[in-house]
Structure formats: C-alpha cells, structure tokens
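Structural overview for review
Given next are the chains, with one letter for each unit.
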Amino acid sequence: GDSVTQMEGPVTLSEEAFLTINCTYTATGYPSLFWYVQYPGEGLQLLLKATKADDKGSNKGFEATYRKETTSFHLEKGSVQVSDSAVYFCALGNAGGTSYGKLTFGQGTILTVHP
Amino acid sequence: GAGVSQTPSNKVTEKGKYVELRCDPISGHTALYWYRQSLGQGPEFLIYFQGTGAADDSGLPNDRFFAVRPEGSVSTLKIQRTERGDSAVYLCASSLGGDGGNEQFFGPGTRLTVL
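Model, not experiment: these values are computed from the prediction. (Residues numbered from 1 in each chain as written. Chains lettered and ligands numbered in written order. Predicted model: local features only at pLDDT ≥ 70, side-chain atom pairs only at ≥ 80, totals over all residues. Heavy atoms only, no water.)

1. Side note on the nonpolar core
Core analysis: the biggest nonpolar cluster contains 26 residues, and A:Leu19, A:Trp35, A:Leu47, A:Leu48, A:Phe73, A:Leu75 and A:Tyr88 have the highest contact counts within it. Every element with two or more residues in this core is listed here: strand 2 (11-14), strand 3 (19-21), strand 4 (23-26), strand 5 (32-38), strand 6 (44-50), strand 8 (62-65), strand 10 (86-93) and strand 12 (109-114) of chain A. Setting aside anything within four residues of it in sequence, one finds A:Leu47 in contact with A:Trp35, A:Tyr36, A:Val37, A:Asn59, A:Lys60, A:Phe62, A:Leu75 and A:Tyr88. Listed in part, the 20 residues of the second largest apolar core include B:Val19, B:Ile26, B:Phe65 and B:Tyr90. (Core = buried A, V, L, I, M, F, W, Y, C linked by side-chain atoms within 4.5 Å. Buried < 20%, exposed > 50% of the residue type's maximum accessible area, 1.4 Å probe, protein only. Helix = DSSP H or I, 4+ residues; strand = E, 2+ residues; numbered from the N terminus. Contact = heavy atoms within 4.5 Å.)

2. Looking at the environment of A:Gly93
With respect to the secondary-structure elements, A:Gly93 resides in strand 10. The sequence separation of A:Gly93 and A:Trp35 amounts to 58 residues, and the corresponding C-alpha distance is 11 Å.

3. Details of the sheet that holds strand 7 (residues 56-59) of chain A
Residues and elements named next belong to chain A. The strand order across the open sheet formed by four strands is 3-9-8-7, and the pairing between neighbours is antiparallel. Each edge of the open sheet is held by one strand with a lone partner, namely strand 3 and strand 7. Going across the sheet, the axis of each strand differs from the next one's by a mean of 15 degrees, ignoring polarity. Inspection of the sheet shows strand 8 paired to strand 9 (residues 75-77) by three bridges, in the antiparallel sense. (Pairing = 2+ DSSP bridges. Axes fitted to C-alpha atoms, helices over the stretch in contact; angles between N-to-C directions.)

Shown next, in the form of structure tokens:
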C-alpha cells in the first residue's frame with residue numbers, strides 16, 4: 001500500500017537558518033504530493049502541493065519538488081522565521097484504484113525556530 | 001466563507017459509552033473524509049464519502065465505528081462501546097471532489113478522551 005516516510009524530528013534551528021525536511025514515498029500509480037502544516041493551537045492547513053513529476057510547489061518561501069526518480073518530496077526554506085515553528089506533515093493523495101484521493105500522511109516533523 | 005467545522009471540540013467519555021462526532025463540511029464540497037490522529041502521529045484515514053455514500057470505509061478499525069452522511073453534507077462519526085485506545089483527535093476534511101489532486105480542507109478536530 002501507499003506510505004510516506006518523513007525525517008524524524010524534532011528539528012531546532014536558529015532564525016534565518018536553512019531548512020530541509022526529507023520526505024520519501026511509496027505509491028502505485030501517479031500520486032499527488034502535499035505538505036501540510038499545523039501551527040500551535042490550529043488545524044491542519046495545506047502549505048504546498050505538486051500533482052505530477054518535476055512539478056515544484058511553493059508557498060510562504062517554502063518549496064518542494066516532486067522527484068519521481070527518487071520518490072521524494074523534500075521541503076526546503078532558505079531562511080526560517082520564528083513564526084515557522086509548527087508541525088509539518090508530508091502526504092500523498094492517490095486517485096488510482098480505490099484510493100479516491102484519501103491522504104496518506106507521514107508521522108510529522110516538529111520544527112522549532114529560535115530567535 | 002466558513003471552513004470545515006467539527007463539534008464538539010472536546011469529548012470526554014467513559015469506557016463502554018457511545019459517542020457521536022459531527023462534521024460540517026465546506027458548502028458545495030462533495031467529498032468528505034474522516035481521519036484519526038494519535039499523539040505524535042500523522043492523521044490516519046478512516047472513511048471517505050462521495051455525496052451520501054461511503055465510497056471507502058477501509059480505514060475503520062472495527063465494527064464499533066460507523067459513519068453516515070444522509071443528505072450529502074453533514075456527517076456523523078459514531079463509536080460504540082468506546083475503549084481507551086479510541087482516545088485521539090478525530091479530524092474531518094472536505095474537498096471539491098475525490099480526485100487525488102484536490103486540496104482537502106481540515107476542520108479543527110474533536111479531541112476524544114476515553115477514561
């Protein structure tokens with residue numbers, strides 16, 4: 001079945017540091033890939049997505065590129081801010097077969113950014 | 001416009017009791033999903049509705065769990081004979097359709113605690 005593996009956290013960085021959170025996946029067919037973020041006290045919200053190979057999703061300075069050859073969708077940001085402190089989830093949505101677009105999530109990575 | 005809403009936000013119950021959790025999706029969204037999120041984990045799929053019908057209930061852990069969406073809008077997740085292991089945050093999400101590329105919008109969740 002489909003699965004998502006994220007780098008284990010927590011990740012602690014200083015403000016303006018470079019961020020990478022690794023994500024790899026296993027899936028049949030041609031899934032879409034997502035990064036969701038959960039800020040403290042808030043619900044899950046979509047950060048960015050890519051729907052086909054080599055697509056790059058971007059939002060709020062974050063980027064991730066859909067790499068089919070390495071089955072990866074790593075999240076990057078060049079300069080993190082304290083306000084980026086949150087839990088980040090990599091997910092895949094697979095419309096193939098009977099999946100009906102349900103999302104399969106990684107376990108989440110806690111990011112803490114210090115001033 | 002209004003996002004996905006879930007009630008109650010918190011539910012504390014005793015082992016063996018019956019609970020109902022409600023989800024109001026975004027108006028016009030035909031696809032509705034239930035997920036369960038245990039502490040420190042990513043959300044896990046429970047059930048998917050397209051309109052009134054449950055198109056995929058493969059994630060329901062056992063026959064104590066049941067969900068309905070009688071008019072294709074509001075959905076209720078029902079748990080019979082609750083067990084301590086059912087304690088988790090139950091998330092509802094909706095999207096325009098069941099395609100894997102459609103963004104799913106999540107509600108704030110219901111935190112269920114079974115004593």
